[in-house]
Amino acid sequence: MTFYSAETFFEKQMCDPSANFFGMLGVSSAVVLANMGAAYGTAKSGVGIANLGVMRPDAVMKSLIPVVMAGVLGIYGLITAVIINGKIHAPSYSAFSGYAHLAAGLTVGFSSLAAGMAIGIVGDAGVRGVAQQPKLFVGMILILIFAEALGLYGLIVGLVVASTADGKGHDLCTPWA
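Since the structure is predicted, the reported quantities are computational estimates derived from the model, not experimental observations. (Residues numbered from 1 in each chain as written. Predicted model: local features only at pLDDT ≥ 70, side-chain atom pairs only at ≥ 80, totals over all residues. Heavy atoms only, no water.)

Trainee: I keep staring at the environment of L144 and nothing clicks. Help me out?
Mentor: Here L144 shows up in helix α5 (residues 137-168). Using a relative accessible area of 0% as the deciding quantity, one classes L144 as buried. Between the C-alpha atoms of L144 and A118, which are 26 residues apart in sequence, the distance is 7.9 Å. In contact with L144, not counting residues within four places along its chain, are P66, M69, I119, V122 and G123. (Helix = DSSP H or I, 4+ residues; strand = E, 2+ residues; numbered from the N terminus. Buried < 20%, exposed > 50% of the residue type's maximum accessible area, 1.4 Å probe, protein only. Contact = heavy atoms within 4.5 Å.)

Written out as structure tokens, the structure reads:
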């Protein structure tokens, strides 16, 4: 039986090396999920643009907006991954920071995936509709802006969580190296 005194109870424990795994998982999930959303949005909108090009070739350049908006989602994942990766310092990286960075990466990744799906569906149907009725263009753009905002909200929350981990997760354990 081990007895703990006040001194041994409040000693800092050694940093868990597996915390780095969770931080890197946040990095990779931000990039992979955000790029999956960007790829889906680009592919789905591209199909609609190809169909639009058959009916109205003059409107193809104007209808590339959904593809550009979907591509921005991949940049959100890249920004988050670079920021999180810069905050991972292996020997003194706490489990709190690892879990927070995982949460930040998943937040950005899944919100960008959802936004990419919305952009793809709206972009496909929207550009097909614009081919038949050009007055639908403004409405399509507004819906795309609101769909893109979902990814932006995830980026903001992910960056707040990642920066919180840097402040609150610092100096919680002793370095293992």
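Trainee: Would you take a moment to explain the state of the cysteines for this structure?
Mentor: Two cysteines whose sulfur atoms are joined by a covalent bond form what is called a disulfide. On inspection of all chains with the given rule, the structure shows one disulfide. Between the sulfur atoms of C15 and its disulfide mate C173 the distance is 1.9 Å. Around the S-S axis, the bridge from C15 to C173 shows a dihedral of about 90° and counts as right-handed. You can see C15 sitting in the loop between α1 (6-9) and α2 (19-55) and its partner C173 sitting in the segment after α5, a full 158 residues away along the chain. Residues C15 and C173 agree in their burial class; the two are buried. (Disulfide = S-S within 2.5 Å.)

Trainee: Would you mind showing me how to read the pattern of salt bridges here?
Mentor: All chains considered together, the criterion is met by three salt bridges. The salt bridge partner of D124 is R128, with a shortest N-O separation of 2.8 Å. On the criterion of helical spacing, the pair formed by D124 and R128 is a turn pair, its members being four residues apart in helix α4 (residues 95-132). Looking at D124, the relative accessible area reads 10%, which means it is buried. According to the relative accessible area criterion, R128 is partly exposed, its value standing at 33%. Among the charged side chains, a network of salt bridges with common partners joins K44, D124 and R128. (Salt bridge = Lys/Arg side-chain N within 4 Å of Asp/Glu carboxyl O.)

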